[in-house]
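Residues per chain are reported as follows:
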Amino acid sequence: MKLIRYGDPGNEKPGILLNDVYYDTRPVVQDYDEAFFADGAQLASLQAAIESKSLKKIEPSRLGPPVHRPGKIICVGLNYRKHAAESGMDVPGEPVLFFKATSSMVGPYDDIVIPKNSEKTDWEVELAVVIGKKASYVSEENAMEHVAGYVLHNDVSERAFQLERGGQWVKGKSADTFAPLGPYVVTKDEIPDPHQLRLWLKLNEEIVQDSNTNDLVFDIPTLVSYISQFMSLCPGDIISTGTPAGVGLGLDPPRYLKPGDVIELGVEGLGVSKQQVKAYQDL
Ligand code: ZN
């Protein structure tokens, strides 16, 4: 199933994409939020509604992030070998974790706004995982039972804020618009092997990232189990699994986003998103 949310920012409604047609799912589902992902029954009634062909067709003018703002977005750093190398860092012995403010979420085709006083805004295509059933101290063997699905994520990053300003990476990861998500959440059943997916990103039509999730240092069961040793993963929470080589920081010379740039990115099976880059403007 491909879950979408549509409508004006902050006022999105749930829907699905089925054979290239969008349908409203509100008769069955209130939103794709913590309650929805916690409860297999809602997914089952959605499946029943699809089979009974009772859902109404829609033509959304805007897609929002396909998950209602979750409790947390946890990101994994340096989880592809060549990206660790281009960042001038070693492949870590344990997963590197950092948070991204959930207020940074936007839709898949919304603009990216370069934050105030930024000179080093960068791109990162990533496979993100959406948690289903709550996970606390789960084993790697049972970890996938806690995954609801997958979503495409651009982990937009301000490298000076992240690396030159001291403290935690969260400062460079959390500006408004820094988490374009979607176009949709694909439920786990539609992606038999999440560790065999091509992922790529184009800057102004030029391919700059092109890799495969088979190159992940720590795979999804390892990450879910590992994170759950330190905190509960709650329904709807997002884990972004890291980016491959080809970010602006790693180019020689480094290259950062400027107003007018266009980014297009995709993960096999999870669709394609596209963002225009805009300058910050005081209101
Ligand atoms: Zn990242």
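## Structural notes on the domain arrangement of the protein chain
Here is step 1 of the chain: The domain architecture assigned to the protein chain consists of domain 1 (2–58) and domain 2 (73–279).
Here is step 2 of the chain: Relative placement of domain 1 and domain 2: their C-alpha centres are 25 Å apart.
Here is step 3 of the chain: Facing the eight residues of domain 1 at the interface are 14 residues of domain 2.
Here is step 4 of the chain: Of the roughly 870 Å² buried between domain 1 and domain 2, counting both surfaces, carbon and sulfur atoms make up 69%.
Here is step 5 of the chain: Three residues, Lys-2, Leu-3 and Phe-37, lead the burial of domain 1 against domain 2; their summed loss comes to 64% of the area buried on that side.
Here is step 6 of the chain: Linking domain 1 with domain 2 are one salt bridge, by the criterion used here.
Here is step 7 of the chain: Of all the secondary structure elements, the ones that give two or more residues to the side of domain 1 that touches domain 2 are strand E1 (2–6) and helix H1 (34–38).
Here is step 8 of the chain: Taken together, the residues of the side of domain 1 that touches domain 2 sort by class into six nonpolar, no polar and two charged.

## Here's the deal with empty space enclosed by the protein
Here is step 1 of the chain: Tallied over the entire structure, the rule returns one cavity of 30 Å³ or more.
Here is step 2 of the chain: By volume, the largest cavity amounts to about 120 Å³.
Here is step 3 of the chain: In this structure, the largest cavity is lined by 18 residues; those nearest its centre are His-83, Glu-124, Gln-162, Trp-169 and Lys-173.
Here is step 4 of the chain: For the lining of the largest cavity, the elements supplying multiple residues, two or more each, are strand E6 (73–77) and helix H4 (159–163).
Here is step 5 of the chain: Per element, the largest residue contribution to the lining of the largest cavity is three residues, and it comes from H4.
Here is step 6 of the chain: The residue makeup of the lining of the largest cavity, split by class, is seven nonpolar, six polar and five charged.

## A word on the layout of surface pockets
Regions of empty space are outlined by a rolling probe, equal in size to a water molecule, passed over the atoms.
Here is step 1 of the chain: The calculated volume of the largest pocket comes to roughly 350 Å³.
Here is step 2 of the chain: Around the largest pocket, the lining comprises 17 residues; the ones closest to its centre are Gly-10, Glu-12, Pro-65, Arg-69 and Met-105.
Here is step 3 of the chain: Residues belonging to the lining of the largest pocket are distributed by class as follows: five nonpolar, six polar and six charged.
Here is step 4 of the chain: The two domains that each donate at least three residues to the lining of the largest pocket are domain 1 (2–58) and domain 2 (73–279).

## Side note on the environment of Gly-15
Here is step 1 of the chain: Of note, Gly-15 is situated in strand E2 (residues 13–18).
Here is step 2 of the chain: With a relative accessible area of 0%, Gly-15 lands in the buried category.
Here is step 3 of the chain: C-alpha separation for the pair Gly-15 and Ala-148, spaced 133 residues apart in sequence, amounts to 16 Å.

## Description of the coordination of the zinc ion
Here is step 1 of the chain: Surrounding the zinc ion are the protein donor atoms Glu-124 (OE), Glu-126 (OE) and Asp-155 (OD), which sit 1.9 to 2.0 Å from the metal.
Here is step 2 of the chain: Written as a sequence motif, the donor residues of the zinc ion are E-x1-E-x28-D. Each member of the pair, Glu-124 together with Glu-126, is buried.

Parameters and conventions
Residue numbers here run from 1 along each chain, matching the order of that chain's written sequence. Selection of residues for local features in this predicted model requires a pLDDT of at least 70, selection of side-chain atom pairs for listing and counting requires 80 or more, and totals for whole chains, interfaces and linings are taken over all residues. The basis for every side-chain value is the complete set of non-hydrogen atoms in the structure, without hydrogens or water. In this entry, domain limits derive from an automatic or database-based domain assignment. Between two residues, a contact is recorded if the distance between any of their heavy atoms is within 4.5 Å. Two parts placed together each lose some accessible area under a 1.4 Å probe, and the buried area is that loss summed for both. Any Lys or Arg side-chain nitrogen located within 4 Å of an Asp or Glu carboxyl oxygen qualifies as a salt bridge. The secondary structure listing takes helices from DSSP runs of H or I that are at least 4 residues long and strands from runs of E that are at least 2 residues long, numbered from the N terminus. Note that Gly is not counted as nonpolar here; it falls among the polar residues with everything else outside the nonpolar set of Ala, Val, Leu, Ile, Met, Phe, Trp, Tyr, Cys and Pro and the charged set of Asp, Glu, Lys and Arg. With a 1 Å grid laid over protein atoms only, a set of points is called a cavity when a 1.4 Å probe fits there but cannot get out and a pocket when it is open yet has protein on both sides within 12 Å along at least five of seven lines; lining residues have an atom within 4 Å of a point. Grid points are joined across faces, edges and corners, and a volume is the space filled by probe spheres set on the points. Buried residues are those whose accessible area, probed at 1.4 Å on protein chains only, stays under 20% of the maximum for their type, while exposed residues exceed 50% and partly exposed ones sit between those limits. Sites may look incomplete, because water is not among the atoms used; the donor set itself consists of N, O and S atoms within 2.8 Å of the metal (3.2 Å for Na, K and Ca).

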